[in-house]
Amino acid sequence: MKISYNWLRQYINTSLTSNEVAELLTASGLEVESVEQVEAVKGGLKGVVIGEVLECEKHPDADRLRLTKVDVGTGEPLQIVCGAPNVAKGQKVLVATIGTKLFPSEGEPLVIKKGKIRGQESNGMICAEDELGIGKSHDGILVLDASARVGADAASWLGLSNDECLEIGLTPNRTDAFSHVGVARDLYAVMRNMKGIKSDAAVLQYPDTTNFKSGASGEAVKVLVKHHQAAPRYAGITINGVLVGESPKWLKDRLLSIGLRPINNVVDVTNFVQHELGQPLHAFDVAKMEGREIHVRLAHAGEKFTTLDGIERTLQADDLVIADRSKPACIAGVFGGADSGVTEKTTEIFLESAYFHPVYVRKTAKRLGLHTDASFRFERGCDPNQVIVALKRAALLIAELAGGKVVGDIVDEYPEKVQPSSVSFSWSRCASLIGKDLGKETIKSILHDLEIEIISEDDDGLQLSVPLYRSDVKREADVVEEILRIYGYDNIEFPKGLKSSLSYAPKPDPEKNRNVISHMLSSSGFMEMMSMSLTRQSYLGFDQTQESSVVELLNPLSSDLGVLRQTLLYGGLEAIALNQNHRNPDLRMYEFGKVYHSIEGKFKEEYRLAIFITGRRFPESWNNANDLVSFADVRAVADKIFAAAGIDKIQFSSNESALFHESVACGSGKSSLGIIGDVHNFLLKKFDIKQPVFYAEFSWDAMMKLWPKSKVQYKEPEKFPAVRRDLSLLVDKSVMYGDIEKVAFESERKLLRGVNLFDVYEGKNLDHDKKSYAVSFILQEPTKTLTDQIVDAAMGRILKQLQEKLGAMLRG
């Protein structure tokens, strides 16, 4: 939402600077994201001054050039070579001095430099309109009135006033602040009540419509509202004798200051009032309305309509349209029609001001993909009481700027008035929620300045009537929030003491345990990331197993965000692609988040932890090898996570997935914990990622069930030495190391303490379907020293099981 600082000051008298206004608005809940300079003319005509031509002679070496001496108020006149045919002695002109940067109406910017033209020195430029960017004329230099003061700033003489634009990041509930008057109303309340800046002198000035008069002779347009539910209030007025043309400078400046393009005086007035009062308006050319009638009705299913942008659209039966006797002229609250708009030939208009039901406007705008300033306001709810005020304001401006006269009276179809919200307010409840007793008089002052009416008062509290433009204030807590934001959040002191109660914390505590893992990963060089739960439906095609359990949104924000994610993988790949494109390819990231599934008509949410590793293993340096990360790196991180969680006896088994070249499933006992894998190349290409990505995803819910209530475990140091034996095993390529580890522990439960893979070989001297694993086995007896006979017997049992269950053979 863009607010012009100069425009805002029309409604509230304040000497505050734009930055001070921004601070107050932000403190009161209207967050100002930026304050930007708006120049009436690009460059602000800095360096351009008023000069007087003291001498004007023919250039000695050029017939079409003049050699002039110009007084610019600096003492010594400037010699300037000028090619304009109308330059003459005694003229007051605009001079761009040395170093000035001009932005012409057409072409590239120009910096004025000292130079020679046909052998004569030139120390500036006498300017035409187009050279200054203030017009298009290039017939000659711009000659000023004789009263112009030599040396004066050109921008001031021309009445060019710069402005500042406040960009406010409005939340959808603050429909009251979708206008300059709405923001001024909030600023007024803040200035009068916020502790530390109280200003009783602040005055809020609403636009004056008391001079509105109706009743000129003529035939008014007939209005027939056929669907009051979709259009609870519909008003309009006929204006004839309109002369459509260019808007005056002040109106164009107002619109340009907030980034709107002026069109003509009638359309510009409707846009001006919309941004002034927050009420959208629309003007129809009466000559194009068949039968001089307005029909507010629902569209016919399949009805065709061409909008202002020239696109033919197909309407549905629940789209509200403004039509004449036979055809639509406008999609109500959304977009006008190509055949009913105001043009230079228009002489009679019907000016519409209405309150359309937000649901109808929202559905139509979303389905058609039409999002306009008008629909933005109607979708969130306008103020029904502002309909007539805005209509009168616009009619007065059109009469002033386009010479129109109002025919007959205002048509106001409002069969069932929208009632304001009634809220019961308690003094004690307000003090409890805020944490401070502000005092009854302070509270009543704030409510008065917010235009919240006090219906009755007693010792317990107030009965309030909330104005319709505050559609978000429905409950007592909402009123308390209004009071607090105007009083100032920063003006609530910290209490001297804090009170708390002891509460039961479940063990294991998921939040505490999450912090344990987060701290461990962050200290290991990982960055935490957050991606949206909404994702693209096209991602489902990457893994066909996901399509049957997808959770689709009934009312998606867009086609790209139509389903809930079933894995954290795709959000991470999007983040990796973004970082890679910003020359940050070496990444270690993790994310905690929910995934969603639909199983037999029931929705299931599951909390998960995802790990992403890609790029170089160590930072780029002259003394570091540029080794890329591998599967072993993500596996090592998984081991650290399980160790930090106190989950032991982890089993790894082979896993088939279309998303990975190779992947393993992790589990403990009967619990499945997650997967670790090397992301498939086809998936990397889809995301335009140019390097391998290794990924792990764990079920946090399953880990919580295995997380020990107390991780404080201890045992005495072993008194007797451990024995290590190594085996070089030849196995099929399909055999995973986890299979060897599992069989080994099943074969020797008493003595075996650890198994470790320290070498893998594939290639020369081995069959193409074979590979070699070098595995170490650690054996230990807690009560005695192991003998060779005991160790050999244990290793024999292990080797026998490996041969029988996995087909393993000893390599020579």
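Refer to the structure printed above.
Keep in mind it's a predicted model, so treat the numbers as computed, not measured. (Residues numbered from 1 in each chain as written. Predicted model: local features only at pLDDT ≥ 70, side-chain atom pairs only at ≥ 80, totals over all residues. Heavy atoms only, no water.)

A.B. asks: It is not clear to me how the overall build of the protein should be interpreted in this structure. Could you clarify?
C.D. replies: Looking only at helices and strands, one finds 20 helices and 40 strands in the protein. Seen through its C-alpha atoms, the protein measures out along the principal axes to roughly 120 × 85 × 65 Å. Looking at the protein as a whole, 49% of its 812 residues are labelled buried. Once local pairs closer than 6 in sequence are excluded, the contacts in the protein between residues at least 24 apart make up 69%. Surface summary for the protein: the accessible area is close to 41,700 Å², and the carbon and sulfur share equals 50%. (Helix = DSSP H or I, 4+ residues; strand = E, 2+ residues; numbered from the N terminus. Buried < 20%, exposed > 50% of the residue type's maximum accessible area, 1.4 Å probe, protein only. Contact = heavy atoms within 4.5 Å. Areas by Shrake-Rupley, 256 points an atom, 1.4 Å probe, with all protein chains shown as cover.)

A.B. asks: It is not clear to me how the sheet that holds strand β27 (residues 461-466) should be interpreted in this structure. Could you clarify?
C.D. replies: Strand pairing in a sheet takes place through backbone hydrogen bonds and is either antiparallel or parallel in direction. Strands sit in the order β25-β27-β26 across an open sheet of three strands; the sheet is antiparallel. Of all the strands in the sheet, just β25 (421-426) and β26 (453-457) have a single pairing partner and so form its edges. The sheet shows a mean angle of 25° between the axes of neighbouring strands, taken without regard to direction. One ladder, built from six bridges, connects β25 with β27; its direction is antiparallel. Bridge pairing in β27 links Ser-424 to Gln-463. Docked against the sheet, helix α11 (residues 427-434) engages β25, β26 and β27, running at close to 80° with respect to β25. Helix α13 (residues 476-487) rests against β25 and β27 of the sheet, and its axis sits at about 75° to β25. (Pairing = 2+ DSSP bridges. Axes fitted to C-alpha atoms, helices over the stretch in contact; angles between N-to-C directions.)

A.B. asks: Help me out: how do you make sense of the pattern of salt bridges in this one?
C.D. replies: One side chain can pair with another of opposite charge once the charged atoms of both are near each other. For the coordinates displayed, the defined rule picks out 42 salt bridges. Among the ionic pairs, Arg-470 bridges to Asp-176, the shortest N-O distance being 3.3 Å. Of this pair, Arg-470 sits in the loop between β27 and α13 while Asp-176 sits in the loop between β13 (163-168) and α5 (180-193), and the two are 294 residues apart along the sequence. Across the salt bridge formed by Asp-285 and Lys-288, the nearest N and O atoms sit 4.0 Å from each other. Lys-288 gets classed as partly exposed once you look at its relative accessible area, which sits at 29%. Taken together, the salt bridges that share partners define one network made up of Arg-174, Asp-176, Asp-186, Arg-470, Asp-472, Glu-482 and Arg-485. (Salt bridge = Lys/Arg side-chain N within 4 Å of Asp/Glu carboxyl O.)

A.B. asks: I tried to follow the packing of α5 against helix α12 (residues 440-449) on my own but got confused; where do I start?
C.D. replies: Between two packed helices, both the angle of their axes relative to each other and the distance between the axes serve to describe the pair. As a packed pair, α5 and α12 sit with axes 9 Å apart at the nearest point and diverge in direction by 160°. Here α12 runs roughly antiparallel to α5, going by the angle between their axes. Where α5 crosses over α12, the two elements pack in a sense that is right-handed. Together, Tyr-188, Ala-189, Arg-192 and Asn-193 of α5 and Ser-445, Ile-446 and Asp-449 of α12 make up the contact between the two elements. (Parallel < 35°, antiparallel > 145°, perpendicular 65-115°, else oblique. Left-handed = near helix turned anticlockwise from the far one by under 90°.)

A.B. asks: I'm lost on the pairing of strand β23 (residues 348-355) in this one. Help?
C.D. replies: Note on strand geometry: in a regular strand, side chains alternate between the two faces of the sheet. Across the eight residues of β23, eight count as buried, placing the element largely inside the fold. Of the two faces of β23, both are covered, the one formed by Glu-348, Phe-350, Glu-352 and Ala-354 as well as the one formed by Ile-349, Leu-351, Ser-353 and Tyr-355. In this sheet, β23 lies alongside strand β15 (residues 233-240) in antiparallel orientation, the contact comprising eight bridges. By the bridge assignment for β23, Thr-238 is matched with Phe-350. In this structure, strand β16 (residues 281-285) lies alongside β23, joined through five bridges in antiparallel fashion. Counterpart to Asp-285 in the pairing with β23 is Ile-349.

A.B. asks: Any chance you could explain helix α7 (residues 265-277) here in plain terms?
C.D. replies: Since one α-helical turn is 3.6 residues long, residues separated by three or four positions face the same way. With 13 residues, α7 should cover 18 Å at 1.5 Å per step; its first-to-last C-alpha distance of 18 Å lies within 8% of that length. Of all 13 residues in α7, 12 are buried; the element is thus mostly enclosed. Buried residues of α7: Asn-265, Val-266, Val-267, Asp-268, Val-269, Thr-270, Phe-272, Val-273, Gln-274, His-275, Glu-276 and Leu-277, and no others. Of the residues flanking the start of α7, the one acting as N-cap is Asn-264, its side-chain oxygen 3.1 Å from the backbone nitrogen of Val-266. (Expected span 1.5 Å × (residues − 1). Polar contact = N/O pair within 3.5 Å; in protein donor to acceptor, adjacent residues only side chain to side chain.)

A.B. asks: Could you clarify how one ought to interpret helix α6 (residues 249-257) in this entry?
C.D. replies: Taken as a whole, α6 has its buried residues at Leu-251, Arg-254, Leu-255 and Ser-257. One face of α6 carries all of its buried residues, which in axial projection span an arc of 165°. As for α6, its buried residues are in contact with β1 (2-4), α1 (5-8), β2 (32-38), β13, α7 and α10 (387-402). Remark: Gly-259 follows α6 within two positions and exhibits a positive phi of approximately 85°. (Arc of directions from axis to C-beta.)

A.B. asks: Please clarify how the sheet that holds β15 should be interpreted in this entry.
C.D. replies: Taking strand neighbours across the sheet as the criterion, the four strands line up as β16-β23-β15-β24 in an open arrangement whose pairing is antiparallel. What marks the edges here is a single partner per strand, and that holds for β16 and β24 (405-413). Going across the sheet, the axis of each strand differs from the next one's by a mean of 20°, ignoring polarity. α10 contacts β15, β16, β23 and β24 of the sheet and is inclined by roughly 155° relative to β23.

A.B. asks: Any chance you could explain the environment of Met-125 here in plain terms?
C.D. replies: Looking at where Met-125 falls in the secondary structure, it is placed in strand β11 (residues 125-126). Given the relative accessible area of 18%, Met-125 is considered buried. Here the alpha-carbon distance between Met-125 and Val-87, two residues 38 residues apart in the chain, equals 12 Å. What Met-125 contacts, discounting residues up to four positions off in sequence, is Ile-80, Leu-94, Val-95, Ala-96, Leu-102, Leu-110, Ile-112 and Glu-131.

Limitation: the analysis is restricted to geometry and does not speak to function.
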